[in-house]
Amino acid sequence: MSDLSIPPLAELRKRRSAKWRTFPDDVLPLPVAEMDFPLADPVAEALREAVDRSDTGYAAPTGDLADAVSGYARRAWDWTIDPGQVRTVADVGIGMVEILRRVVGPGDRVVVSPPVYEPLAWWIGEVGAQVVEAPLAGGPGAWRLDLDALERAFAGHATAYLLCNPHNPVGLVHRREDLVPLAELADRYGVHVLSDEIHAPLVLPGATFVPFLSVSAEARRWGFSFLSASKGWNLAGLKAAAVVTADPAPKRYVDRLSPHSLYRTGHLGVIATVAAFTEGGPWLAGVVAALDRNRTLLGELLAQSLPGARYGRPEAGFLAWIDFRALGWGDDPAARILTAARVALNSGHRYGPTGTGFARLNFGCAPETLTEAVTRIAASR
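Note that this is a predicted model, so its numbers are computed, not measured.

Calculation rules
- Residues numbered from 1 in each chain as written.
- Predicted model: local features only at pLDDT ≥ 70, side-chain atom pairs only at ≥ 80, totals over all residues.
- Heavy atoms only, no water.
- Helix = DSSP H or I, 4+ residues; strand = E, 2+ residues; numbered from the N terminus.
- Buried < 20%, exposed > 50% of the residue type's maximum accessible area, 1.4 Å probe, protein only.
- Lys, Arg positive; Asp, Glu negative; His and termini not counted.
- Salt bridge = Lys/Arg side-chain N within 4 Å of Asp/Glu carboxyl O.
- Axes fitted to C-alpha atoms, helices over the stretch in contact; angles between N-to-C directions.
- Left-handed = near helix turned anticlockwise from the far one by under 90°.
- Contact = heavy atoms within 4.5 Å.
- Nonpolar A, V, L, I, M, F, W, Y, C, P; charged D, E, K, R; others polar.
- Arc of directions from axis to C-beta.
- Polar contact = N/O pair within 3.5 Å; in protein donor to acceptor, adjacent residues only side chain to side chain.
- Core = buried A, V, L, I, M, F, W, Y, C linked by side-chain atoms within 4.5 Å.

## Digging into the side chain of Arg360
Logical step 1: Its place among the elements puts Arg360 in strand β13 (residues 358-362).
Logical step 2: The buried charged residue Arg360 lacks any salt bridge partner; its closest oppositely charged side chain belongs to Glu118, at an N-O distance of 7.6 Å.

Now the structure itself:
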């Protein structure tokens, strides 16, 4: 297994990514979805070898990434993917936008379930469609898809639904018993389901990831899956992802993507992704164990220092969705926390109206950093 020792903050601040260049050095940056772990050895070695041979050209039209995605899905989730139904794209966001361009038209209605990953609404707007909200049911620790709300939205002439599976920011891993009726609703009302499954490799102990396309013939008839190693192995800047289909109906839309979409993908991203999916399992297991410990630590820290903050343990990923409303910190507690505690979080209202009074915290960091962040926030009361 690769060394998972997170470098000290002084070393991390030498990184040039958004997480470390957005805020002054006196701020603990816990918003951007980047982890602080060092790269997995197989990934780092694959990238070093590419640089040593000056191999920094365009991505090649080979089946390497498709084979790697297919092999990983079979081992991790017992999901059989036909490599012939895997299309390489630059990242999940670009893939979803390009499929949206082909399945919806200007003014069409596209459904999301807030609180949900903020860029989904941007992508819908980018293609000229309208956002329709069918919020999640429940609350911290008890989130679920609201199938009744989804049926109302689908029946209102929706064209597509953007599923977040696992669901960012609440960390919900959708159950088969919710995904099956979701697929039935999609079939009944003719709604395309675009499933963002980027956090799937980071499902934590106690939950089981269920790929949307695996649940039924209806899911395969109406569904698209978007997968990447970027979150699981911290490769977002290298730009490589995959669109997966499992039926001729959705595949015909993928086949309409520009033949140049491959060349917009990062060649180093493909190299890193293949290494991650084929050789990065031991490293990922260590990261998942560390994240499991951190989600427990965060709960303990909040209970001890900020008992008014309500937190539902995420089932996947490294993002915590924290309810600060009982503390009276206003509609945007993240803004107050940044000013008063010098800790940067994501503002909850950006994930939809149901996020007012919430904030998102990235716990993919050292336990010491997490402890310092909660200590600062508690001291700012």
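## Remarks on the packing of helix α3 (residues 41-52) against helix α11 (residues 267-279)
Logical step 1: Where α3 meets α11, the closest approach of the two axes is 8 Å, and the angle between their N-to-C directions is 145°. For the crossing formed where α3 meets α11, the hand is right-handed. Two secondary-structure elements touch here, α3 through Pro42, Val43, Ala46, Leu47 and Ala50 and α11 through Leu268, Ile271, Ala272, Ala275, Ala276 and Glu279.
Logical step 2: Split into classes, the residues belonging to the contact of α3 with α11 amount to ten nonpolar, no polar and one charged.

## Regarding helix α7 (residues 147-155)
Logical step 1: Inspection of α7 places Ala149, Leu150, Ala153 and Phe154 among the buried residues, and these make up the whole buried set. Angular distribution of buried residues about the axis of α7 spans 135°; they occupy a single face of the element. Turned more than 90 degrees from where α7 packs its buried face, Asp148 and Arg152 sit exposed.
Logical step 2: Along its buried surface, α7 packs onto β3 (109-112), β4 (130-133), β5 (158-164) and α8 (176-189).
Logical step 3: The residue sitting at the N-terminus of α7 and contributing the capping side-chain oxygen is Asp146; that oxygen lies 3.2 Å from the backbone nitrogen of Asp148.
Logical step 4: A positive phi of about 65° marks His157, the residue just after α7.

## Description of the nonpolar core
Logical step 1: Among the nonpolar cores identified, the biggest contains 111 residues, and Phe154, Tyr161, Trp233 and Leu345 are the most heavily contacted of them.
Logical step 2: A total of nine residues in this core trace back to one element, the largest contributor, which is helix α12 (residues 281-305).
Logical step 3: Within the second largest apolar cluster, 28 residues are counted, among which are Val116, Ile124, Val127 and Leu194.

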